[in-house]
Amino acid sequence: MIPWYLLKFYAQRHSKFTASCIVLLIINLLFYNLFHIFLILWVFIIGVIFAYSLLSPISVLPNLLPIYSKKSKHKNLGDDELTLMKTVCTVCGLRRCPRHRPELNILAFQPWTNLDIHKSVDDALHEFFNIVLKEFVYTWYRELSEDEEFVDELRTNFRFLASVMFRRMKKLDVPELVTKRLLRASVQHIDLCVQAYKEADYKGDIQQIVLDFMGSNVHCAMWSRKAELEYLRRLVESLFPYILRPQALNSSACFTEADDYDMDNFVPVLKSTCALVRELLAGAVLLPTLDAIANPDLINNLLLVFFDKTPPPQATEPPSPMVPFLGQFSQARARNQSCLRLELKDVINPECPELLYPFMQFLKSEAAVNVLQFCLACSDFNRRILNPDASQSEFSDLHSTVKDLYNVYCAPNALDRIKFDDDIVETLREVVEGPPDQVIKLRTSAPLFKAYEHAYNLLENNFLPMFHQSDDYYSMICGDRPNALLTKQMSSFFGGKLNSLRFYLSLVKSFMQTKKKDFTLAQFGNKLKDVFKSADERLSNNIEPALDGMSLNSVSPSVCVEEELEDSSLDCDHSMHDLSSWRVTIPRIGARPDPENPRKQYFVFIIDIRRLDVEEGEERKQQWTVARRYAEFYVLEQKLTEFHGELLECQLPAKKSFGTNKHDFTEGKKSDFENYLQKLLTKPHLRNSELLYQFLTSEHEFSTSFLPGIKLGKFVKTKLVKEKGQHLDEFLVTFATSTEASKPKSSKLSRRGSDTSLMSTSSDKLSGTHFDNNMNFGFQPPSSKRDLPHQVKDIDGAFDYLLFLLKNVFRAPEWFMGLMFSARILLKETVENYLDYHIEYKLSQVTQEHRLVGLVNLLKEILFFDDDPPRSDEDKRIRYASAYKELLDFLPDVLHTALGNSNTREGCELLLQIFQQPKLNKQLSYVLLDIVVQELFPELK
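Just so we're clear, the structure is a prediction, and the values are computed from it rather than from any experiment.

### Here's the deal with the sheet that holds strand β7 (residues 623-628)
Within a sheet, each strand pairs with its neighbour through backbone hydrogen bonds, oriented either parallel or antiparallel.
Link 1 in the chain: In spatial order, the strands read β5-β6-β7; together these 3 strands make up an open sheet with antiparallel pairing. Looking at which strands have only one partner, the edges of the open sheet turn out to be β5 (582-593) and β7. Within this sheet the neighbouring strands show an average axis-to-axis angle of 25°, counted without direction.
Link 2 in the chain: Taken together, the 10 bridges between β5 and strand β6 (residues 601-611) define a ladder with antiparallel strand orientation. Opposite tryptophan 582, over in β6, you have arginine 611 as the bridge partner.
Link 3 in the chain: Most of the contacts of helix α29 (residues 670-680) go to β5, to which it runs at about 140°, and overall it touches β5 and β6.

### With respect to a nonpolar patch on the surface
Link 1 in the chain: Taken together, the side chains of Leu61, Leu64, Leu65, Ile67, Tyr68, Leu826, Leu827, Val831 and Tyr834 present a nonpolar region at the surface, about 780 Å² in accessible area.
Link 2 in the chain: Residue placement: leucine 64 occurs in the loop between α3 (35-54) and α4 (81-87).

### Considerations on the side chain of aspartate 191
Link 1 in the chain: Tracing the backbone shows aspartate 191 in helix α9 (residues 174-199).
Link 2 in the chain: Notably, aspartate 191 is buried but unbridged: the nearest opposite-charge side chain belongs to lysine 198, and the N-O separation is 9.0 Å.
Link 3 in the chain: Among the polar contacts made by the side chain of aspartate 191, one reaches the side chain of glutamine 195 at a distance of 2.8 Å.

### Focus: unusual backbone geometry
Link 1 in the chain: Despite not being glycine, aspartate 201 has its phi angle at roughly 60°, a positive value.
Link 2 in the chain: Within the secondary structure layout, aspartate 201 lies in the loop between α9 and α10 (206-214).
Link 3 in the chain: Of note in this structure, asparagine 774 is not a glycine but carries a positive phi near 55°.
Link 4 in the chain: As for its position among the elements, asparagine 774 is in the loop between α32 (763-766) and α33 (798-808).
Link 5 in the chain: Given the relative accessible area of 3%, asparagine 774 is considered buried.

### Some points on the pattern of salt bridges
Link 1 in the chain: For the structure on display, the rule yields 29 salt bridges.
Link 2 in the chain: Here glutamate 279 ties to arginine 233 by a salt bridge, and the two come within 3.0 Å at their closest N and O atoms. A residue pair is termed long-range when its members are at least 10 positions apart, and glutamate 279 in helix α13 (residues 272-293) and arginine 233 in helix α11 (residues 225-243) qualify at 46 residues.
Link 3 in the chain: Judged by its relative accessible area of 2%, arginine 233 falls in the buried class.
Link 4 in the chain: One salt bridge in this structure joins lysine 828 and aspartate 800, with 3.3 Å as the shortest N-O distance. Placement of lysine 828 in helix α34 (residues 814-846) and of aspartate 800 in helix α33 is noted, with a sequence separation of 28 residues between them.
Link 5 in the chain: When salt bridges that share partners are traced, they join Glu230, Arg233, Arg234, Glu237, Arg278 and Glu279 into one network.

### Re helix α2 (residues 15-30)
Link 1 in the chain: Between the first and last C-alpha of α2 there are 23 Å, a value that for 16 residues agrees with the 22 Å anticipated at 1.5 Å per step.
Link 2 in the chain: Taken together, the buried positions of α2 are Cys21, Leu24 and Asn28. For α2, the angular spread of buried residues about the axis comes to 65°, placing them on one side. Exposed and facing more than 90 degrees away from the buried side of α2 are Lys16, Leu29 and Leu30.

Calculation criteria
Throughout, residues of each chain are indexed from 1 in the direction in which the sequence is written. With pLDDT at 70 or above as the cut-off, local features in this predicted model cover only qualifying residues; side-chain atom pairs require 80 or more to be listed or tallied, and sums for whole chains, interfaces and linings still use all residues. In computing side-chain properties, one takes all heavy atoms of the structure into account and sets aside hydrogens as well as water. Note: two strands are recorded as paired if DSSP finds a minimum of 2 bridges between them. To qualify as a helix, a DSSP run of H or I must reach at least 4 residues; to qualify as a strand, a run of E must reach at least 2; elements of each kind are numbered from the N terminus. For helices, the fitted line uses only the C-alpha atoms of the stretch in contact; every axis is such a line through C-alpha atoms, and the angle between N-to-C directions lies from 0 to 180 degrees. By the convention used here, residues are in contact when the closest approach between their heavy atoms is within 4.5 Å. A residue counts toward a patch only above 30% relative accessible area and without a salt bridge, and it is joined to like-charged neighbours within 9 Å or, for Val, Leu, Ile, Met, Phe, Trp and Tyr, to nonpolar neighbours within 5 Å. Note on areas: these come from Shrake-Rupley sampling with a 1.4 Å probe, and a residue is covered only by the protein chains present in the view. Salt bridge criterion: a side-chain nitrogen from Lys or Arg within 4 Å of a carboxyl oxygen from Asp or Glu. Throughout this description, buried means an accessible area under 20% of the type-specific maximum (1.4 Å probe, protein chains only), exposed means over 50%, and partly exposed covers the range between. Lys and Arg are tallied as positive, Asp and Glu as negative. Neither His nor the chain termini are counted. Two N or O atoms form a polar contact when they lie within 3.5 Å of each other; inside protein one atom must be a possible hydrogen donor and the other a possible acceptor, and for residues adjacent in sequence the pair counts only when both atoms belong to side chains. Here the expected length of a helix is defined as 1.5 Å per residue gap, with one fewer gap than residues. In this description, one arc is meant: the one made by directions from the helix axis to the C-beta atoms.

As structure tokens, then:
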């Protein structure tokens, strides 16, 4: 039963409809004999009431044309190719492999794996990148060196960058990006322009009016041309962890600019490869591209192409074969001739055991000796099976050998399984399960050769570079390392003048800060002598023969001085622990009672540690667990940074102060902390870290107030204090620089807003006729108190954007807008789904082989071969008039009639005039660029 007050409310709200119903009821009562005629009217009224009750202005019908629906992309699919390659071990093929290093993941060093494109497209990209190198690298590098190794590194980084971008673009939902985000930003831009122009009564320069209306709310790249270039540099730098190889991020540091390193910690921020790639992408690719996109004449040309009814060109040649993505481009031009860099064919040669044995020992420590064993066994098998004089008994032996190879290295449950392609494993399984005569197939077929090539590439690309940086390789070249204490002494002496200066300046600092007034220079010498004597006594039992004939002053005792304790009972015990052979995981979290309040509890991370260098049956522990709280991880990061410098690749998320004891919060941080610990164990300079060792073994709380058993500095009343001379880096750098001869001024000029940074890119790129100096704000825009209105905030969908433009730009009459809002209920979902389908269809056409080649060549011509004379103003006016005419013809005649010819022409002219302003186009282009970058790299959000 409907309440009476509700009926009264709607009757008063719709008084005309209520009055009409009452009149119809009275007429029906007076002429009751005509009730069957009035029944038709009553049915219509009841239908109107039901429709009004069920439908609202925000209600829409579902898609009426389901055949025109775009294909959905499963963004969160757990077992897609990219996710599998991120989680599957390259060596054994297991997910979350606890045996091999996590950085052996295939995407960490080869994102182009299984990424194939047509050869013609690959050739076009090859030519494009070669032109980039020729125009921006070879022009100056040829004057420095003829060695191609540096350029080869750039080629590999370009391939890595392009592969990452290609993979991310393949996962991008382009129709949703266009209709949900890009179209929305464009309509918001048009709305702001219309509002600003409306406030000026549609008079004056629309570009200056809109810029004054927006004030400092413009994009930061619009402050000035230097700010624009700086923004692109920062944008590219923020993408480096995702688009560059880890080796490039750790390349040689550039210290020529004062802004390129952190003076507090003396940690290089920019690397040589990173700096060069940054300038190439920001100054040579992105800046000219955005300038071209914001050019009004180019926009008019794009509109003419869009309105052109000529069918797209058809392919005239058959599809070219599929090839690895940029494989030819990244081939090394230089061959390293260093006698210290061994080739794999020489290392695994059984006739050279002096090379093979150390490499085998290294692979044992990496739990990957099975890869080498397979290569050697497969090589021997191939030699035997290719023997044309093989007898039937030898075929039986070869069949047994193949069976052993399959069971040990290819079977799904094999302990030493290597991840081969499924077709290789299936072919070998058929041979193994068949009669011995079937082994002859392996003489002409490719499976075993492909398996050998896969294992050989693993050794050459993954493990051989790691072997070159291992202790086993050092021992093979230089012999066994000396005593640990002597090693630390000698490394301190030969480690460079900064370490030596740090030690002596720490002594000077302690001498200058002493409070004893009668402390003379002689006493200072006695103190220095005592320090050497103390170190010598501690070392005499171990390294006295090694120091025979060596002056005591030639060995720097900085290590023992820095670790000297006020309590002399603590000795310098430097026991080494090879943490690179440890594997850690955080399988779960645990609850612990709060000691301050037993009714409450906190949560800890349960760290599972397993040692690969401990065999079963030994007395030492092979596996154990340690519980650590949230804050203890940040203590570890703080201390590692303090004593080893900033680790750019190993960083924890930003620390939070509140809500860290909740179960959901701790569970959410588990994977981040696990990855952090796993990366720390892969760092060569942390393999003997006492800090990391205590963190993974000690049951005590790991805090800044007390670190038990770690000899890192001075303990004064159980408080850890900083080592002497630890923060003298700024003085040390200045002092070391003053001892060197002055160098010629570098061609690299300062950046980050300095006046001279304008010259880092050619002046014609920063001072264009279209853009002047953008807003001419410099790097400090004036504060603006205006809050820009956003009428598009609550509007969603392409159909709603169309209604918004009809109302605000074309000033459609009320009756037409009412009709369009009624059509919205019926057609909104249908029109938007068809638009998504149409965009997807057009995208499939644009990404055809011959059209991709054309797009790459077009981009190449715009960036590098635009030698055409500048278009005259008359040519630009003719193109604008053509675009305006095509826009009018594009609108249907029904819309012309409904809106009126005057409103239609004024709306089209206003809409086109907004896109004839270069600075406004640049503002919109940067807004759209940010959206695209966030979609491609959601980590930046």
